Amino acid sequence: MNTLEGKVAIVTGGASGIGRATALVFAREGAKVVVADIDGPGAEATAGQIATEVGGTPAVAVRADVSDPEDCRRIVQTAVDTFGGLHVLFNNAGIIRRTTALDLDVDEWDRVMAVNVRSVFLMCKYAIPAMTEGGSVVNSGSGWGLKGGGNAISYCASKAAVVNMTRALAIDHARAGVRVNSVNPGDTDTPMLRDEARQLGEDWAAFQSDAADRPMGRSGTPDEIAQAVLFLASDAASYITGSALVVDGGGLA
Ligand code: NAD
């Protein structure tokens, strides 16, 4: 249980769902973790849970909006100032709007792009120079970054951008010893997925019964995604960069 011993990690969107689960997994594996989220109390709660479970002071919370350049710079600076360096970045924060192009406001399109896409550019812009010993960046894509999906035009566009931006980043920074991969979850039982059911006006049971997307008959758990992120973040994935790892119980297949 010391896969990330001696490493410093940033998890954006660490207050909830996949981000919270990953921050906990990283800490259990020995990493010091910066938990960043626009939900300040939620980020504090994750850091507190890490302190309780893992002990010591292995986590610090930062309230930040990842679409904002100054906030992204501050997240990275917190890692360096608090823990003395940076090795792992999980760009996980994301939002979804479940509408077609016809019903989506222009402002909402811009917000989804800013939170899901610009954030990855900004965090990499500031984090990669801080990875002076090399590092691993994992970006949160989605099954819907690799295929289309209904009623999610801005989200599908944003996640396809993340998948291909990941490949471009991987090429640019390979010689600096920084690997960049995307993890692409299928439906995962988090507050976001439950909110999607609400946005579509479907009750949770009906939403869950879409068998085509769930060959295993269930959604994933946040911890199942976190374990895949841990693999990509760790030295076990030392020759993997530019890849898109699908973690969806066979949904894309
Ligand atoms: P979630 O809503 O449970 O958590 C997302 C977190 O991101 C929240 O804590 C939220 O406060 C934070 N956040 C939102 N906007 C932010 C901003 N501007 N700045 C900083 N933090 C912000 O969602 P989740 O399901 O855990 O999703 C995590 C990632 O996984 C997202 O990128 C999502 O698109 C992706 N994903 C999720 C699923 C799924 O089924 N849950 C499937 C595929 C991909």
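Not measured: the values here are computed from a predicted model.

Colleague: Before we go on, may I ask you to explain helix 3 (residues 69-83) in this structure?
Modeller: Three or four residues apart is the spacing at which side chains of an α-helix point the same way, because the helix has 3.6 residues per turn. The first and last C-alpha atoms of helix 3 sit 21 Å apart over 15 residues, in line with the 21 Å expected at 1.5 Å per residue. Listed in full, the buried residues belonging to helix 3 are Cys-72, Ile-75, Val-76, Ala-79 and Phe-83. Here the buried residues of helix 3 occupy an arc of 85° about the axis, which is enough to place them on one side. For helix 3, exposure combined with an orientation more than 90 degrees from the buried face picks out Glu-70 and Asp-81. Along its buried surface, helix 3 packs onto strand 1 (8-12), strand 2 (32-37), strand 3 (59-63) and helix 4 (106-127).

Colleague: I would appreciate a short explanation of the environment of Gln-49 in the present structure.
Modeller: For Gln-49, the location among the structural elements is in helix 2 (residues 40-54). For Gln-49 and Ala-59, which are 10 residues apart along the polypeptide, the C-alpha to C-alpha distance reads 9.3 Å.

Colleague: Explain the site of the ligand to me, please; I cannot follow it from the model alone.
Modeller: Within the structure, the ligand sits among 29 residues, and Gly-13, Gly-17, Gly-94, Thr-190 and Met-192 are positioned closest to it. Broken down by secondary-structure element, the contributors of at least two residues to the shell around the ligand are helix 1 (17-28) and helix 6 (191-199).

Colleague: How should the sheet that holds strand 5 (residues 135-140) be read in this particular structure?
Modeller: Backbone hydrogen bonds hold the strands of a sheet together, and the pairing may be parallel or antiparallel. Taken together, the seven strands give an open sheet; going across it, the order is 3-2-1-4-5-6-7, and neighbouring strands pair in parallel fashion. Only two strands of the sheet have a single partner each, and these edge strands are strand 3 and strand 7 (244-247). The sheet shows a mean angle of 20° between the axes of neighbouring strands, taken without regard to direction. Judged from the four bridges that link them, strand 4 (residues 88-91) and strand 5 form a sheet pairing that is parallel. Bridging across to strand 5, Leu-89 finds its partner in Val-137. Contacts from helix 4 reach strand 1, strand 4 and strand 5 within the one sheet, and its direction differs from that of strand 4 by about 170°.

Criteria and cut-off values
Residues numbered from 1 in each chain as written. Predicted model: local features only at pLDDT ≥ 70, side-chain atom pairs only at ≥ 80, totals over all residues. Helix = DSSP H or I, 4+ residues; strand = E, 2+ residues; numbered from the N terminus. Expected span 1.5 Å × (residues − 1). Buried ≥ 20, exposed ≤ 12 C-beta atoms within 10 Å, placed from the backbone. Arc of directions from axis to C-beta. Contact = placed C-beta atoms within 7 Å. Near = placed C-beta within 6 Å. Pairing = 2+ DSSP bridges. Axes fitted to C-alpha atoms, helices over the stretch in contact; angles between N-to-C directions.

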